[in-house]
Amino acid sequence: MIRIQHLTKIFNAGKEDEVRALQDVSLDIQKGSFVVVIGSNGSGKSTLLNLILGSIFPTSGKIFINEHELTMQPEHLRSKWISMVFQNPGNGTAPDLSILENFRLASLRSTSKKMKIGIDNHFRLMVKEKISALGMGLENKLEQPMGSLSGGQRQALTLLMGVMDKTDILLMDEPTAALDPKSAQIILQLASEINKTLGITVVLITHSLKDALQYGNRLLLFKSGTVVKDLDEKQKQQLALSDLYEWFA
Amino acid sequence: MSQFYLTALQLALCLGPMAMGIFISMKVFNIPDITTDGSYTLGATVTAVLISAHFPLWMVLPISMLCGAMAGTCTGFIHTKLKIDALLSGILIMTALYSVNLMIMGRSNIPLINTASVFEQFHFFKNEQLNQLSTAILMVSLLLCFIIYLLNTDFGIAMRATGNNPVMTKALGINNDRIKIMGLAMANALTALSGFLVAQYQGFADINMGIGIVITGLGSVLIADTLKKWFNIKKISTQILLVVLGCFVFQSVLAFTLSIGIDPNMLKMVTAIFVLIIVALPRISGGWVKK
């Protein structure tokens, strides 16, 4: 699914403030897996996600998705495979547009946006159905601007928007960092459900070691730009929270 | 007295497309585009030259709009591809257009006397002024329908999202640069359409007719913005209607100023002060409410 070969990213190369964010990382992520990435700040996990997303480009190394090389492809061309949920709930939605309009755009992620009215009754009902499954009571607020909702609500909707159109990969960069514990659980459970029922590959960055233990079937620990631990589902199940704390100590 | 306001209405309708254009660049895309001064004159000069050469109006209209679109494309290209500040990109193209406009006309002024005019195509009434007015209303209504339709299409939603949250649109497969260039092209095509209308309405094109015209459009959009906040309007369709209304309010204030006998030379000053008041008023009153 995602194949990463000898990926290196150096910011400000050759200058005094040179940062080696990622150093010769190679990874193979299987289709349908739920990979949880942990590591302290500056360990390179967000850099990896942004390289996959295409918002930055590597210094060296290669990235493949479904055997297509897209190392240097711009972000908007990769979006047919990748959905992204950002840390800031504001990044994933357009605040002045209605919920319905946000969903319409998300449903066209991999296709062109044509000059025809796309929001019809059929579409409205479909969105209503998906949103009511969240149980947040948002299904009757479809015409409301996104900006009028809370961070948790926006993040949950962003996640739903991410799978409105066919997608292979869901990237989540600390999606729950700005949320209260209850909203955070809703988001992660939803991600887990999406992973299981739709078979979408999920890569989740988190700082919550508890969540890292509870969710996912593969665990990666990043330290100063490299992967220092890579546990599969079995190894992960045998892990205790105290082991994780030790790694960070 | 009412003559002043009828003229104001007529002029407001002629300048309506430009105000819609500024709404698209400033409010939809969040880009301060001041190519307007140049592309408005461009629309007028192209119109004057082609009409004088007896081109049929159905050809003059799209050609003048196309020229405006080209000017907008240049600004958009400089802004997005060369990463130059939008304001400066607009100023550069506006400045260059001054020479282009002089070149097109070959002199600084072309009068349109005894030539074809879009305002003489329909004869709904006996009164000439009413005919002009109804022609303008017809054109602006058609344009409004088109723009409202456009902004509600999938492409229109993509346009609005790009100005609202470019991080999101990139992740949703939208080429932000391309859609911005298209938006600026559209905005300046609309501005050129105003040039087309005004040149025929006032019966001449002049190299200086565009100076400060951007403030007229800006004022209309700001009036619309204030109304939008007052009445808590969220629908994009209503907002674009308010822009045309704002244009009329703006022209009425200018007409009122002239009607009470203020020196016409002071008109630009009055315009500037009026816009300042529109911008400052909601901020000052907002501050009071907060306290």
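Let me sum up the structure you'll find in this document.

## Quick word on the pairing of strand β8 (residues 201-205) of chain A
Note on strand geometry: in a regular strand, side chains alternate between the two faces of the sheet. Residue and element names in this part refer to chain A. Of all the five residues making up β8, five are buried; the element is thus mostly covered by neighbouring parts of the structure. Burial of the side chains of β8 extends over both faces: Thr201, Val203 and Ile205 are buried on one face and Val202 and Leu204 on the other. Relative to β8, strand β3 (residues 34-39) runs parallel, the two being bridged by four bridges. Within the sheet, the bridge partner assigned to Val36 lies in β8 and is Leu204. In this region the chain leaves strand β7 (residues 169-173), passes through helix α6 (residues 181-198) and returns to the parallel neighbour β8; the handedness of that crossover is right-handed.

## Comments concerning the interface of chain B and chain A
At the junction of the two partners, chain B supplies 20 residues and chain A supplies 26 residues. Secondary-structure elements contributing two or more residues to the side of chain B that touches chain A are α5 (128-152), α6 (154-164) and α7 (166-171) of chain B. For the side of chain B that touches chain A, the element with the most residues is α6(B), which contributes seven residues. Broken down by class, the residue content of the side of chain B that touches chain A amounts to 10 nonpolar, six polar and four charged.

## A short note on the sheet that holds strand β9 (residues 218-223) of chain A
Residues and elements named next belong to chain A. Strands sit in the order β6-β7-β8-β3-β9-β10 across an open sheet of six strands; the sheet is mixed. Single-partner strands in this sheet number two, and they are β6 (82-85) and β10 (226-231). For this sheet the average axis-to-axis angle between neighbouring strands, irrespective of direction, equals 20°. Sheet topology places β7 next to β8; five bridges connect them, and they run parallel. Bridge assignment links Leu171 to a residue of β8, and that residue is Val203. Seen against the sheet, helix α1 (residues 45-53) touches β3, β6, β7, β8 and β9 and runs at an angle of roughly 145° to β7.

Cut-offs and rules
- Numbering of residues begins from 1 in every chain and follows the order in which that chain's sequence is written.
- All chains are assigned letters beginning at A, and all ligands numbers beginning at 1, according to the order in which they are written.
- Residues qualify for local features only when their pLDDT is at least 70, as the model is predicted, and side-chain atom pairs are given and counted only at 80 or more; totals for whole chains, interfaces and linings, by contrast, use all residues.
- Comment: burial labels come from other C-beta atoms within 10 Å of the residue's own C-beta, placed from the backbone, where a count of 20 or more is buried, 12 or fewer is exposed, and between is partly exposed.
- Put simply, DSSP marks the helices as runs of H or I at least four residues long and the strands as runs of E at least two long, and each gets a number from the N terminus on.
- Each pair of strands is called paired provided DSSP finds at least two bridges between the two strands.
- The handedness of a crossover follows from its direction of travel: if, with the strands pointing away from the viewer, the path from the first strand over the helix to the second runs clockwise, the crossover is right-handed.
- Working definition of a contact: two residues with C-beta atoms, positioned from the backbone, lying within 7 Å.
- When residues are sorted by character, Ala, Val, Leu, Ile, Met, Phe, Trp, Tyr, Cys and Pro go into the nonpolar class, Asp, Glu, Lys and Arg into the charged class, and all the rest, Gly among them, into the polar class.
- Axes, fitted as lines to C-alpha atoms, cover a helix only where it is in contact. Angles between the N-to-C directions of the axes lie from 0 to 180 degrees.

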